[in-house]
Amino acid sequence: MAKIRHNNILDTVDSVLSVSKKKGIIHLHAEDQTLSGQHLTLNGTKVLHFGTCGYLALEHHPEVKRGAIEAIERFGTQFPMSRTYISNPLYSELESLIKQMYNVPAVISKNCTLAHLTTIPSIIRQSDLVILDHQVHASVQEAVKKLLSQGVTVEMIRHNNLEMLEDRIKKQRSKYERIWYMADSVYSMYGDFAPIKDMIALAEKYEQLYLYVDDAHGMSWAGKNGSGYAMSQMPEGLYHKMILTANLGKAFGACGGLSLFPTEEWYNKVNNFGGPLTFSVQIEPATLGAAIASAKIHLSNEIYGYQEELQKKIAYFNKLLKETELPLVHECESPIFYIGTGTMDMGNHLVQALLNDGIYVNLATFPAVPAKNIGVRITISLSNSFEDIEELVSKLRVHFKEALVATNQTKDNIRKAFKMPALTLAQAASVPVVGNSLAVKRYTTIQAINPQIWNKYLGKRGMFDWDGLKLLEESFSDNTEKENNWGFRYYAVEDAEGRIILLTFAVVALLKEDMFSQASISKAIERERLANPYYLTSTGILMGSLFTEGNHLYLDRESPYWKNALKALMAELYKDQDKENASSILLRDLDANDPKMDEFMVEQDFVRLDLPESCVVENLNWKTEEEFRKTLTKKGRENFVQKIKRYEHYFDVQVKSRLSDDELQQAITLFKNVKGNNFAINNFLFPDKLFYALNENDSWEFVVLYIKEEYSINRKPVSVGFCHKNFDNVYSFMLVGMNYEYLLEYNIYRQTLYQVIKRANALNCKKVNFGISATLEKKKVGATPYPKVGYYQAKDNFAMEMIGATFAVEKE
C-alpha cells in the first residue's frame, strides 16, 4: 500500500458531506423572518427544531436581547483595537460577573476555538506530555497541533478510558514534568459525560497529572449559577490542577469563550500575551451586552427554574424513547441524544424523511463520528414543548422503520456497530429485511475456483492471475512472523441465471496503521517499533493484497444489480470482519473518476481515500530506440538522453529466469535496501520464502543490472527488477532492489525502468504495469498515471485520529 495525499482528509470530508448536501439535509438556510427557537422554515416548510445548542433558549430572552441592543446604542457595532492596548468598557463588567459565577479568574476570548488557541500554547511546555481523549473536541485537537512543531509530545487514549490513561501515566511520569489529560465534560455527539470525579481522583493519586476540560456543551443547564456540568461535579470549586474552558454561546445565549484558572499565575500568563487574545479583534459590543445580561440571569435564582424545566423535558424524552426499540446510544441527563443508524444511507434517508414530515434533526457523520457510527443527533431545549417531543418520538418511530426497509439495514447491525446489547428474538423478528435473487459464493483458496473463470474476469489484469494467486497463498502461509500469514478470501456474486456480476479477492492480514501517513510520520513510528515491532498495527481486510497492485474488482456495471452485488460483498466482508476481529476494511485501487461509485460507497459508510496513481506503459509497438523516444514527451526525451542513454554503456543488463543462490540473496538484500528507504509504501517486509518461490516460478523473471568490470570492481548486481508476465502478455514490474551507493552516480533507478520497458517490448507484451510511487520518474519514460482511490471503513477512527493528532508532519 501507499500513502494518501496529505490534504486527503479535506477531500474525504468533502465527498461525505456532498452526498448529504445533494439530498438537501445539510448546508440549509433558514427562511424565517423572525425566530422563536421552536420552529424553523426550511425549503418552504415549517418544521419543529430539534437541532439547536441553545438548550435554555436564552438567545430569545427579552433581557438578553435588550442587553445587546443597548450595548450597540451606547458603544457602536465594534471596538476595533487589540485588547493589549485598550478593552471595550463592557469587558470589565462581564469579567466581574464571570468571576462571581466561578470564584476564579477568567480570560474571555471571542469564541471557544480561540480560547483553546490562546490558552493551550501559553500553558504547555516542552517538558510536558499531552494526552488527548479520543473524542475531545476538534478545536482542542487543533490547538494541540501547534504544540507538535514545538517539540511537545502528544498521545491519545480511547474515549473515557481512565485505565488506559493511568497506564500511560505510570509509564511516562518519570519523563515529564506535567502530564495534561484533555477531555470534554459533555461530548457533543453522544451527549455522554466525562468522569470528572474519577479524573480528579487520578490527579490526586499522581502528582504529575493535570486536567484540561472543555465544558462548552455543559454550560448553563447544569451547575451552581449555571456554571456548567464540570463545576457541578466539583462542589468545593474549580479543582486546583484543572483549567476549565466554557462557552458564552450555546446555552449561555451570547457568544465567546472562557478560560478559567485555579491560579493567578496561569491567568496572568495567558492574559498578558495569549496569542489570538492579543492579535484578534475584540468581541462586539452587542455580544458583550448580551453576555452581561445572561450572566446576571445566571447569578439569579431564575437560572435554576430553567435548569429544572429542561431536566423535566430531558426525562420525558428518555421515558418515551424507552417505550420504543430505537437504538439510543447513550442515556443520560444531558440535552444531547444520539439515535444510531449505522450507515450513511439510512442516516440520510431518516433525516430527509423527518424533514419532509416537519421535524428537523442533525445528521451526525464522518469525521465527527466513525464511518460505521453514523446516526441522528437530537437536542432538547426549552423551546420544545412536551407536545413537540411526543410528535418527534411518534414520527421518529415511523420513519426509522421505513428507513430500515428502504436501505436494507437491520436493527441488529446497528446495535452491533455501536456495541449495544443484541435484541431479543421477538424484537429481531420484527426487523424487515430486503431480499434479492443474488447468490454469493465465498472461498478461502483460489484452487476452489475454475482457473478459466478467474482468468477471464480478473487474471488478465496483472500478476494476480490464477497461478499468481496460488503462489501468493503458498508464500504467505506457515511463516514464523504473524504479519506474513495472510488469510485469502475470494468472493463471487451471481444473478439468478448464474451470470457473474462481481468477482474479487481480499486478504485478512496484519496492517500498519500508518500505511496512509506521510513518510515523516512513518519514520517516527518506525523508531517506536524498534522497541515494539507491533506498535500501531491491527488486523484488517484489504481488497487485493499487500503485494498485488491494480484494480482487483470485476463489477458488471451494465447489470441492474451491481449495487446489490456490492452490498452482498460488503455483507460477506462484515462477516469476515467479525470473525477475524478485523479493525478495518479497505477496497482499493478503484477508478478515481467514478462519481456514482463515490456516492454509493459514502452511503455505505466507506470514506474515500485518494491513493497514489497507478502507472502503466501502453506504447509498446516500437521497433527501434528512436521510435521509443518518439513515444515520450519533450521532457521525457530530454530525460532519456541526459539521465538514461548517457549511462547505459556502464551497465551489463541480463534477463534471468533463475538466480543463483548468491544472486537471490543479493537481490533480497537490495530489495530490503529500497524498503528501508521508501516510507511512502510502509508495510511489513515480505518473507524470504516469497522470493524463493518467485525464483522457481516460470511466470517470473529478473531484469538484473551489473556495473561493467571496467567501471567497477563490484561484480554483484546493483539493481534487480522482479517482473511477472501473465498469460495475456501483461508485464508487471512488481518489485525493485537497488544498491544505493550507485544510485546517483549511475542513475540506476531510471536505467532499471528503461530496461524493464525494453524487455516487455521484446516479449511483445501489451503493456507494463509499473505500479505505484515514483510517478514523476515513471512518466518520464512513457508511463501514464491513472488516479486511484480506495474506500475505507474502520470500526472506529482511533488509530487514524491518534496518528493525525500526535505526530508532526515534516517536509520531505
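Going by the structure above, here's the rest.
Throughout, a residue's number is its position along its own chain's written sequence, starting from 1. The model is predicted, so local features are restricted to residues of pLDDT at least 70 and side-chain atom pairs to those at 80 or more, both for listing and for counting; the totals for chains, interfaces and linings are taken over all residues. Hydrogen atoms and water are omitted, and side-chain values are computed over all heavy atoms in the structure.

(A) Summary view of the overall build of the protein. Strands here mean DSSP runs of E at least two residues long; helices mean DSSP runs of H or I at least four residues long; both are numbered from the N terminus. When helices and strands are counted, the protein shows 29 helices and 26 strands. This radius of gyration counts C-alpha atoms alone. The globule rule is 2.2 Å times how many residues there are, raised to the power 0.38. Relative to a compact globule of 812 residues, whose C-alpha radius of gyration would be 28 Å, the protein shows 31 Å and is just as compact. Seen along its three principal axes, the alpha-carbon backbone of the protein occupies a region of about 90 × 65 × 50 Å. Burial classes follow relative accessibility: with a 1.4 Å probe on protein chains only, a residue under 20% of its type's maximum area counts as buried, one over 50% as exposed, and anything between as partly exposed. Taken over 812 residues, the protein has a buried fraction of 59%. We call two residues contacting when some pair of their heavy atoms lies within 4.5 Å. Partitioning the contacts of the protein with sequence separation of at least 6, the portion at a separation of at least 24 is 75%.

(B) Representation of the pairing of strand 3 (residues 106-109) in the model. A two-sided burial pattern is seen for strand 3, the buried positions comprising A106 and I108 on one face and V107 and S109 on the other. Here the rule is simple: two strands pair whenever DSSP picks up at least two bridges between them. Note that strand 3 and strand 9 (residues 257-260) share 4 bridges and pair antiparallel. Within strand 9, the residue paired with S109 across the bridge is G257.

(C) Broad picture of the packing of helix 13 (residues 344-356) against helix 14 (residues 386-407). As a packed pair, helix 13 and helix 14 sit with axes 9 Å apart at the nearest point and diverge in direction by 140°. As summarised for this structure, helix 13 and helix 14 are arranged oblique, according to the angle between their axes. Once helix 13 is placed against helix 14, the crossing between them reads as right-handed. Along the contact surface, helix 13 presents D345, M346, H349, L350, A353 and L354, while helix 14 presents K395, L396, H399, F400, E402, A403, L404, A406 and T407. Considering only residue class, the contact of helix 13 with helix 14 consists of 9 nonpolar, 3 polar and 3 charged. To define axes, lines are fitted to C-alpha atoms, for helices over the stretch in contact only, and angles between the resulting N-to-C directions are given on a 0 to 180 degree scale. For classification purposes, angles smaller than 35 degrees are called roughly parallel, those larger than 145 roughly antiparallel, those between 65 and 115 roughly perpendicular, and all remaining angles oblique. Take the far helix as the reference: if the near one is turned anticlockwise from it by less than a right angle, the crossing is left-handed, and if turned clockwise, right-handed. Throughout, the ten residues Ala, Val, Leu, Ile, Met, Phe, Trp, Tyr, Cys and Pro are labelled nonpolar, Asp, Glu, Lys and Arg are labelled charged, and all others, Gly among them, are labelled polar.

(D) Structural context of the pattern of salt bridges. By definition, a salt bridge exists where a carboxyl oxygen of Asp or Glu is found within 4 Å of a side-chain nitrogen of Lys or Arg. In the structure shown here, the tally under the stated rule is 43 salt bridges. Note that E142 and K145 form a salt bridge whose closest N and O atoms lie 3.3 Å from each other. You can see E142 and its partner K145 sitting in helix 5 (residues 138-148), 3 residues apart, about one turn around the helix. Under the relative-accessibility criterion, K145 is labelled partly exposed at 35%. E663 is the salt-bridge partner of K656, the closest N and O atoms lying 2.3 Å from each other.

(E) Representation of the packing of helix 20 (residues 562-580) against helix 21 (residues 595-603). Orientation of helix 20 relative to helix 21, taken along the N-to-C sense of each, is 40°, at an axis distance of 12 Å. In terms of their interaxial angle, helix 20 and helix 21 are classed as oblique. Along this stretch, helix 20 crosses helix 21, giving a crossing that reads as right-handed. Side by side, helix 20 and helix 21 meet where W562, K563, L566, K567 and M570 of the first sit next to M597, F600 and M601 of the second.

(F) Expanded view of helix 18 (residues 466-475). Burial of helix 18 is extensive: 7 of the 10 residues sit out of reach of the surface. For helix 18, the complete set of buried residues consists of W466, G468, L469, L471, L472, E473 and S475. Tucked inside the fold, the buried residues of helix 18 contact helix 17 (451-457), strand 15 (487-494), strand 16 (500-512), helix 25 (688-695) and strand 22 (700-707).

(G) Region of the structure containing the sheet that holds strand 5 (residues 153-157). The strand order 3-9-8-7-6-4-5 describes an open sheet built from 7 strands, whose pairing is mixed. Both edges of this open sheet fall to strand 3 and strand 5, since each of them pairs with a single strand only. Strand-to-strand, the axes of this sheet are offset by a mean angle of 20°, without reference to chain direction.

(H) Local environment of a nonpolar patch on the surface. Judged by side-chain polarity, M81, Y85 and I86 come together as a nonpolar surface patch covering roughly 330 Å² of accessible area. Note on placement: M81 falls in the loop between helix 2 (62-75) and helix 3 (89-102). A residue is classified by how much of its surface remains accessible, and M81, at 32% relative accessible area, is partly exposed. Nonpolar side chains (Val, Leu, Ile, Met, Phe, Trp, Tyr) within 5 Å and like charges within 9 Å form the patches, drawn only from residues with over 30% relative accessible area and no salt bridge. Each accessible area is a Shrake-Rupley result for a 1.4 Å probe, and residues are judged covered by the shown protein chains and nothing else.

(I) Representation of helix 7 (residues 196-205) in the model. All of the buried residues in helix 7 are I196, M199, I200, L202 and A203. Within helix 7, the buried residues cover an arc of 160° as seen down the axis, which keeps them to one side. Residues of helix 7 that are exposed and point more than 90 degrees away from the buried face comprise K197, E204 and K205. The arc under discussion is defined with respect to the helix axis, by the directions toward the C-beta atoms.

(J) Seen up close, the sheet that holds strand 13 (residues 374-379). With antiparallel pairing, 3 strands are arranged side by side in an open sheet as 10-13-12. In the strand order of this sheet, the two ends are held by strand 10 (336-342) and strand 12 (362-364), each with one partner. Averaged over all adjacent pairs, the angle separating strand axes in this sheet is 30°, with direction ignored. Here strand 10 pairs with strand 13 via 6 bridges, running antiparallel.

(K) Examining the packing of aromatic side chains more closely. Two aromatic rings from Phe, Tyr or Trp, using only the six-membered ring of Trp, form a pair when their centres are within 6.5 Å; if the ring planes differ by under 30 degrees the pair is stacked, by over 60 it is edge-to-face, and anything between is tilted. Tallied over the full model, the rule gives 37 aromatic pairs. Summarising the aromatic geometry, the rings of F317 and F337 are spaced 4.6 Å apart at their centres and angled 70° between planes, so their arrangement reads as edge-to-face. Remark: F337 occurs in strand 10 and F317 occurs in helix 12 (residues 302-322); sequence separation between them is 20 residues. The same class applies to F317 and to F337, which are both buried. Measuring from ring centre to ring centre gives 5.6 Å for F628 and F640, while their planes differ by 70°; the resulting arrangement is edge-to-face. With a gap of 12 residues between them, F628 in helix 22 (residues 625-630) and F640 in helix 23 (residues 634-648) connect regions that are remote in the sequence.

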